[in-house]
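# Tertiary structure, described
Single-letter residue listing:
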Amino acid sequence: MDSSSTDTPDNHAASPAESGLRIPLQIEDWASVLIMAALALITFANVFVRYLTDSSFAWTEEISIFLLVVLTMNAGASACVRHLHIRIEVFADAGTVRRQRRLALFGIGMSLLFFVGMAILSGRMALDEFEWGDTSPSIGVPTWWYSMWLPILSTTLSLRLLGMWVRRWQAKS
């Protein structure tokens, strides 16, 4: 049987998991590609300069850590919708269809609660950094420039999870 004709969640094609999406996952895919390209360029530039001059750019580590956090949150949203996130398949895929649906709703709900909490708490952290005027060690820019993206991306991931939960709740099987 051709793998493109299966309707399993593990199928990497854009069919079942992405069929009811209002906002296409290509946004996250392209953002991931651009972030990875930026990380590669920054790292290459730093290694090249270090090789030629025996000194490195101080800002590269700071920017790389920020981009890795953004990449993780961005790719996490895409992985959740495509059912490529970590789960214990012995429990998630075993039993009746009704049991699988309930476990999926529970798992999505717990993930949703986690990321809503993370959005709230990281938003408070970014607000604190804004109020205190913290600056980064390498570049000296305000740290809230970096930390403001965590609540934004956590909210985005929460919206993706909410959409998954609603689609799973409305599904007949």
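What you are looking at is a predicted structure, and each value in this text was computed from that prediction instead of being measured.

### Brief notes about the environment of Asp-29
Checked against the element boundaries, Asp-29 lands in helix H1 (residues 26-53). On the basis of relative accessible area, Asp-29 is assigned to the partly exposed category, the value being 26%. Sequence separation between Asp-29 and Ser-78 is 49 residues, and the spatial gap between their C-alpha atoms is 7.5 Å. Setting aside its immediate chain neighbours within four residues, Asp-29 contacts Ser-78 and Arg-82.

### Observations concerning the pattern of salt bridges
Scanning the model with the defined rule gives 2 salt bridges in all. One salt bridge connects Arg-160 with Glu-28, and the closest N-O pair in it is separated by 2.9 Å. Note that Arg-160 is positioned in helix H6 (residues 149-170) and Glu-28 in helix H1, a separation of 132 residues in sequence. Considered together, Arg-160 and Glu-28 belong to a single accessibility category, that of buried residues. In this structure, Asp-29 and Arg-82 form a salt bridge, with 2.8 Å as the shortest nitrogen-oxygen distance.

### Concerning the packing of aromatic side chains
Inspection of every chain in the model, using the stated rule, returns 6 aromatic pairs. When the ring of Phe-44 is compared with that of Phe-48, the centres are 5.9 Å apart and the planes differ by 20°; the resulting orientation is stacked. You can see Phe-44 and its partner Phe-48 sitting in helix H1, 4 residues apart, about one turn around the helix. The exposure class assigned to Phe-44 is exposed, which follows from its relative accessible area of 57%.

### Examining a nonpolar patch on the surface
On the surface, a cluster of nonpolar side chains totalling about 530 Å² of accessible area is made up of Phe-44, Phe-48, Tyr-51 and Leu-52. Owing to a relative accessible area of 44%, Phe-48 belongs among the partly exposed residues under this scheme.

### With respect to the UniProt feature "transmembrane region" (unreviewed entry) in the protein chain
Residues annotated by UniProt as "transmembrane region" (unreviewed entry) correspond here to residues 30-51, 63-82, 103-123 and 143-163. The distance separating the terminal C-alpha atoms of residues 63-82 is 28 Å; by composition the span is 95% helix and 0% strand. The annotated region residues 143-163 carries 90% helix and 0% strand content, and the separation between its end C-alpha atoms amounts to 32 Å.

### Some thoughts on the nonpolar core
Ranked by size, the top nonpolar core spans 21 residues in total, and within it Ile-35, Leu-67, Leu-157, Leu-161 and Met-164 carry the most contacts. Top contributing element to this core by residue count: helix H2 (residues 59-81), with 8 residues.

### Thoughts on the packing of H1 against H2
The contact between H1 and H2 brings their axes to 9 Å, and the two run at 160°. When the axis of H1 is compared with that of H2, the two are roughly antiparallel. Two packed elements cross with a definite hand, and for H1 against H2 that hand is left-handed. The segment H1 lies against H2, with Glu-28, Asp-29, Ala-31, Ser-32, Ile-35, Met-36, Ala-38, Leu-39, Ile-42, Thr-43 and Asn-46 engaging Trp-59, Thr-60, Ile-63, Ser-64, Leu-67, Leu-68, Val-70, Leu-71, Asn-74, Ala-75, Ala-77 and Ser-78.

Parameters at a glance
Here, residues in each chain are numbered from 1, in the same order as that chain's written sequence. Totals for whole chains, interfaces and linings use every residue, but because this is a predicted model, local features are given only for residues with pLDDT of at least 70 and side-chain atom pairs only at 80 or more, for both listing and counting. To obtain the side-chain values, all non-hydrogen atoms of the structure were included, while hydrogens and water were left out. Numbering of helices and strands starts at the N terminus; helices are DSSP runs of H or I of at least 4 residues and strands are runs of E of at least 2. Think of it in three bands: residues with accessible area under 20% of the maximum for their type are buried, residues over 50% are exposed, and the middle band is partly exposed, with areas taken using a 1.4 Å probe on protein chains only. Only heavy atoms enter the contact rule, under which two residues are in contact if any of them lie within 4.5 Å. For salt bridges, the criterion is a side-chain nitrogen of Lys or Arg within 4 Å of an Asp or Glu carboxyl oxygen. Note on aromatic contacts: the rings of Phe and Tyr and the six-membered ring of Trp form a pair at centre separations within 6.5 Å, being stacked when their planes are under 30 degrees apart, edge-to-face when over 60 apart, and tilted otherwise. Nonpolar side chains (Val, Leu, Ile, Met, Phe, Trp, Tyr) are joined into patches within 5 Å and like charges within 9 Å, using only residues with over 30% relative accessible area and no salt bridge. Residue exposure ignores everything except the shown protein chains as possible cover, and the areas themselves are Shrake-Rupley values with a 1.4 Å probe. UniProt positions are given in the numbering used here, feature names are shortened, and annotations may be inferred rather than shown by experiment. Note on terminology: a nonpolar core comprises buried Ala, Val, Leu, Ile, Met, Phe, Trp, Tyr and Cys residues joined through side-chain atoms within 4.5 Å. Lines fitted to C-alpha atoms define the axes here, with helix axes fitted over just the stretch in contact, and angles between the N-to-C directions of these axes take values from 0 to 180 degrees. Under this scheme an angle from 65 to 115 degrees is roughly perpendicular, one under 35 degrees roughly parallel, and one over 145 degrees roughly antiparallel; angles in between are oblique. Each helix crossing is assigned a hand: it is left-handed if the near helix lies turned anticlockwise from the far helix by less than a right angle, otherwise right-handed if that turn is clockwise.

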